[in-house]
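Survey of secondary and tertiary structure
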Amino acid sequence: MSTQNVVTPSAEGIAAAARQAKSKGPAPVHLWNPPFCGDLDMRIARDGTWYYLGTPIGRFELVKLFSSVLRKDDDNFFLVTPAEKVGITVDDAPFVATDFDVQQVNGEQTLVFQTHVGDTTTAGPDAPIRVSMDPDTGEPAPYVLVRANLEALIDRKTFYRLVDLGEHKDGWFGVRSGGAFFPIIESSKV
């Protein structure tokens, strides 16, 4: 009878592997297909706070490192390195868009969002803005795609700024970015 060495996933192990695999920017997690190693007691709260074993992760650089190896497959979130894949919990979206800049590109308004972990994304056909409405409260929840199935919840102050740029088109109130129009709410409800 042989015994196998079973490694329990840990935040420290994932961080070490991520540091080795990471270059500048997000790691190429879409190219990696390591074995699933189990779930890690790590959670991203709706406000973007990362928790490990129930305690907030206070080191920004560590949160940024973890976010660089984050991947979403179907409706599940994972931290992925070349050697392992561990499941984590995400309460809403893994990122929070905390601000945006308005730029003019080829005569078109373009919105460049910044996230709480330092990522940027330019809203447009490849990075859409979407708004879902809470069926009970009617409160909007706006999102922008950051990368490969990973969205950022647009925070309240940023959403208010976004609405200030809004216009009406084909019965919808929404915003333009990168040559695309993103509906927010039906014009009749504004």
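Residues numbered from 1 in each chain as written. Predicted model: local features only at pLDDT ≥ 70, side-chain atom pairs only at ≥ 80, totals over all residues. Heavy atoms only, no water.

This part covers the overall build of the protein chain. Looking only at helices and strands, the protein chain features three helices and 15 strands. Here the protein chain, with 190 residues, has 44% of them falling under the buried criterion. Contacts in the protein chain between residues far apart in sequence, at least 24 positions, make up 52% of those at least 6 positions apart. Just so you have it, the protein chain exposes about 10,600 Å², and 49% of that area is on carbon and sulfur atoms. (Helix = DSSP H or I, 4+ residues; strand = E, 2+ residues; numbered from the N terminus. Buried < 20%, exposed > 50% of the residue type's maximum accessible area, 1.4 Å probe, protein only. Contact = heavy atoms within 4.5 Å. Areas by Shrake-Rupley, 256 points an atom, 1.4 Å probe, with all protein chains shown as cover.)

For the structure shown, the criterion picks out three aromatic pairs. Ring geometry for Phe36 versus Phe78: centroids 6.0 Å apart, planes at 85°, classification edge-to-face. Remark: Phe78 occurs in strand 5 (residues 76-80) and Phe36 occurs in strand 1 (residues 36-44); sequence separation between them is 42 residues. Ring geometry for Trp50 versus Phe66: centroids 6.2 Å apart, planes at 15°, classification stacked. Highlighted residues: Trp50 in strand 2 (residues 50-52) and Phe66 in helix 2 (residues 60-68), separated in sequence by 16 residues. In this pair, the class of Trp50 matches that of Phe66, namely buried. Taking NZ or CZ as reference, Arg43 lies 4.6 Å from the ring centre of Tyr51, over its face. Its guanidinium or amino end placed over the ring of Phe78, Lys85 lies 4.4 Å from that ring's centre, counting from NZ or CZ. (Phe/Tyr/Trp six-rings, centres within 6.5 Å; stacked < 30°, edge-to-face > 60°. Lys NZ or Arg CZ within 6 Å of the ring centre and 35° of its normal.)

Our focus in this paragraph is the nonpolar core. Among soluble globular proteins, nonpolar side chains are generally buried collectively. Counting 43 residues, the largest nonpolar core has Met42, Trp50, Leu79, Ile88, Phe113 and Ile129 as the members making the most contacts within it. Once residues within four sequence positions are removed from consideration, Ile129 is found in contact with Leu111, Phe113, Ala123, Tyr143, Val144, Ile154, Val175 and Phe182. (Core = buried A, V, L, I, M, F, W, Y, C linked by side-chain atoms within 4.5 Å.)

By the burial criterion, the buried members of helix 3 (residues 156-164) are Thr158, Phe159 and Leu162. The arc that holds the buried residues of helix 3, viewed along the axis, is 100°, so those residues lie on one side. Within helix 3, the exposed residues directed more than 90 degrees away from the buried face are Arg156 and Asp164. (Arc of directions from axis to C-beta.)

Bridging between strand 4 (residues 70-73) and strand 5 involves four bridges; their strand directions are antiparallel. For Lys72, the partnering residue across the bridge sits in strand 5 and is Phe77. Between strand 4 and strand 5, which pair antiparallel one after the other, the connecting turn spans two residues, and Asp74 there sits at a positive phi close to 55°. (Pairing = 2+ DSSP bridges.)

Okay, the pattern of salt bridges next. One side chain can pair with another of opposite charge once the charged atoms of both are near each other. Taken as a whole, this structure holds ten salt bridges when the rule is applied. Notably, a salt bridge pairs Arg43 with Asp91, separated by 2.4 Å at the nearest N-O pair. Here Asp91 lies in the loop between strand 6 (85-90) and strand 7 (95-105) and Arg43 lies in strand 1, a separation of 48 residues in the sequence. Look at Arg43 and you get partly exposed, because its relative accessible area is 30%. Classification of Asp91 by relative accessible area gives partly exposed; the value is 43%. Of the charged contacts, one joins Glu151 and Arg130 as a salt bridge, the two residues approaching to 2.8 Å between their closest N and O atoms. (Salt bridge = Lys/Arg side-chain N within 4 Å of Asp/Glu carboxyl O.)

So, about the sheet that holds strand 10 (residues 129-133). Sheet architecture is open: six strands sit in the order 9-8-7-12-11-10, paired in mixed fashion. Since the sheet does not close on itself, it has two edges, and those belong to strand 9 (120-122) and strand 10, each with one partner. Within the sheet, the average angular offset between the axes of one strand and its neighbour, ignoring direction, is 40°. Across five bridges, strand 10 lies against strand 11 (residues 140-147) in antiparallel orientation. By the bridge assignment for strand 11, Ser132 is matched with Ala141. (Axes fitted to C-alpha atoms, helices over the stretch in contact; angles between N-to-C directions.)

Let us now look at the pairing of strand 8 (residues 108-115). Two faces make up the sheet, and in a regular strand the side chains alternate between them. Counting buried positions along strand 8 yields seven of eight residues, so the element is predominantly enclosed. As judged from the eight bridges shared by strand 7 and strand 8, these two strands associate in the antiparallel manner. Its bridge partner being in strand 8, Gln104 is matched across the sheet by Gln109. Hairpin connection between strand 7 and strand 8: a loop of two residues separates the two successive antiparallel strands, and Asn106 in this loop has a positive phi of roughly 50°. Between strand 8 and strand 9, which follow one another and run antiparallel, lie four residues, and Gly118 among them has a positive phi close to 90°.

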